[in-house]
Amino acid sequence: MSIATPDPGAVRSDADAPLSLALTDPERREFDAVARQLATTTPELIDDAKWVAAARELSAHLPPRLRQVVRAYRHDPGEDGTLVLRNLPVDPEVLPATPTVPESVEREATVPAAVAVLIAAELGEIAAHRNEKSGALVQNVVPVPGREASQSNAGSTPLELHVENAFHQHRPDFVGLLCLRGDPDNAAGTLVSSFRRPLRLLAPATREVLHQERFTTVPPPSFRSGTRPSPTRCSRETLKTPTSRWTSKPPPPPSTRRPRRPWSNRRTRGSRPGNGSVLD
């Protein structure tokens, strides 16, 4: 049998570059048509299982190059662990006003929400945590007045480097972001830093220490469990970053501590309307 190979323009130009794809205008229109069909599919409710099932089926009709690059990323996220998609069907001119209330989510189907869910359906099963924004599958990341300094998706201060929901035993395999409306100065971006690069610089003894259950982390402010969140011990499966604080055991000797610049490989992905990013 014959097997088609991915378009070279839809994959990494070299082993160190992140996967990226800019849709052509015809591809953008093709994607837009699929997203509009999903947005008007009964019951037009994002969190409804039937609507999510429809998204799973309709994702098979996305532009082939887009499906190829998403599948390539799912197979191998690369050194950066980042997928960048550009020229997605988002029209800022027809968007409603930016929400300014806490816990903002999308419940009713819209074209932008359909775009995000269709891409997620090609990666796996879209999921959310019940204790975070009531378990909504599509959540708004917007600055909320009065929470400017919050280390959460409601703040407007730069977020510290972190692993998404590292405290949870069922943290996601991927996190998807879709920019609908940029900031006035077009200066905002998503700061990412893959631990795969500095990990190679660490001594075996240091890596062994980082895999020990001597670190704790706590849920972010966006999680509302009704009680004060308690620290959760990080295991070999959950620990991905050395920024969690020490607990119960003394720190390792100086010879096994992390190098001074483990995050020198961090990069900022520009946030423009129609740009999307997936992080592993």
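What you see is a predicted model, and the numbers here were worked out from it, not measured in a lab.

Some details on the packing of helix H2 (residues 49-58) against helix H4 (residues 111-123)
Here comes step 1: Two numbers describe how H2 lies on H4: the axes approach to 8 Å, and their chain directions differ by 65°. In this view, H2 runs roughly perpendicular relative to H4, as classed from their interaxial angle. As for the relative orientation of H2 and H4, their crossing is right-handed in sense. Judged by residue contacts, Trp51, Ala55, Arg56 and Leu58 of H2 engage Ala114, Val117, Leu118 and Ala121 from H4.

Observations regarding H4
Here comes step 1: With 13 residues, H4 extends 19 Å from end C-alpha to end C-alpha; this agrees with the ideal 18 Å at 1.5 Å per step.
Here comes step 2: What H4 keeps buried is the set Val111, Pro112, Ala113, Ala114, Val115, Val117, Leu118, Ile119, Ala120, Glu122 and Leu123.
Here comes step 3: Between a side-chain oxygen at the N-terminus of H4 and the backbone nitrogen of alanine 113 the separation is 3.2 Å; the capping residue is threonine 110.

Topic: the nonpolar core
Here comes step 1: Phe31, Leu38, Leu66, Val69, Leu83, Leu85 and Leu118 are the most contacted members of the largest nonpolar core, which totals 32 residues.
Here comes step 2: Looking at this core, the elements that each hand over two or more residues are strand S1 (19-22), helix H1 (25-39), H2, helix H3 (64-75), strand S2 (82-86) and H4.
Here comes step 3: With eight residues, the top contributor of residues to this core is H4.
Here comes step 4: Setting aside its immediate chain neighbours within four residues, leucine 83 contacts Leu19, Ser20, Val69, Val70, Tyr73, Gly276, Ser277 and Val278.

Here we look at the sheet that holds strand S5 (residues 175-178)
Here comes step 1: Spatially, four strands are ordered S1-S2-S11-S5 in an open sheet, and the strand pairing comes out mixed. Only two strands of the sheet have a single neighbouring strand rather than two, namely S1 and S5. The sheet shows a mean angle of 10° between the axes of neighbouring strands, direction not considered.
Here comes step 2: In the sheet, S2 pairs with strand S11 (residues 276-279) via four bridges, with the strands oriented antiparallel. Residue pairing for S11: leucine 85 is matched across the bridge by glycine 276.
Here comes step 3: Along the sheet, H3 contacts S1, S2 and S11; its crossing angle with S1, the most-contacted strand, is approximately 170°.

Section: empty space enclosed by the protein
Here comes step 1: Considering all chains together, one arrives at two cavities of 30 Å³ or more under this definition.
Here comes step 2: Considering only enclosed or pocket space, the largest cavity measures out at about 50 Å³ in volume.
Here comes step 3: Mapped by element, the contributors of at least two residues to the lining of the largest cavity are H2 and H4.
Here comes step 4: Of the residues that constitute the lining of the largest cavity, the class distribution is four nonpolar, one polar and two charged.

Concerning the packing of H1 against H4
Here comes step 1: As a packed pair, H1 and H4 sit with axes 8 Å apart at the nearest point and diverge in direction by 105°. Of the possible angle classes, the one that applies to H1 and H4 is roughly perpendicular. In this structure, H1 contributes Phe31, Asp32, Val34, Ala35, Arg36, Leu38 and Ala39 to the contact, and H4 contributes Val111, Ala114, Val115, Leu118 and Ile119.
Here comes step 2: Its residues assigned to classes, the contact of H1 with H4 comprises 10 nonpolar, no polar and two charged.

Let's talk about the pattern of salt bridges
Here comes step 1: The tally for this structure, following the rule as stated, stands at 10 salt bridges.
Here comes step 2: With its nearest N and O atoms 2.3 Å apart, the salt bridge here joins glutamate 79 to arginine 200. Here arginine 200 lies in the loop between helix H5 (196-199) and helix H6 (204-210) and glutamate 79 lies in the loop between H3 and S2, a separation of 121 residues in the sequence.
Here comes step 3: Glutamate 79 gets classed as partly exposed once you look at its relative accessible area, which sits at 22%.
Here comes step 4: Through salt bridges with shared partners, a single ionic network connects Arg67, Arg71 and Glu122.

About the thresholds
- Residues numbered from 1 in each chain as written.
- Predicted model: local features only at pLDDT ≥ 70, side-chain atom pairs only at ≥ 80, totals over all residues.
- Heavy atoms only, no water.
- Axes fitted to C-alpha atoms, helices over the stretch in contact; angles between N-to-C directions.
- Helix = DSSP H or I, 4+ residues; strand = E, 2+ residues; numbered from the N terminus.
- Parallel < 35°, antiparallel > 145°, perpendicular 65-115°, else oblique.
- Left-handed = near helix turned anticlockwise from the far one by under 90°.
- Contact = heavy atoms within 4.5 Å.
- Expected span 1.5 Å × (residues − 1).
- Buried < 20%, exposed > 50% of the residue type's maximum accessible area, 1.4 Å probe, protein only.
- Polar contact = N/O pair within 3.5 Å; in protein donor to acceptor, adjacent residues only side chain to side chain.
- Core = buried A, V, L, I, M, F, W, Y, C linked by side-chain atoms within 4.5 Å.
- Pairing = 2+ DSSP bridges.
- 1 Å grid on protein atoms, 1.4 Å probe; cavity = no way out; pocket = protein on both sides within 12 Å on 5 of 7 lines; lining within 4 Å.
- Points joined across faces, edges and corners; volume = space filled by probe spheres on them.
- Nonpolar A, V, L, I, M, F, W, Y, C, P; charged D, E, K, R; others polar.
- Salt bridge = Lys/Arg side-chain N within 4 Å of Asp/Glu carboxyl O.

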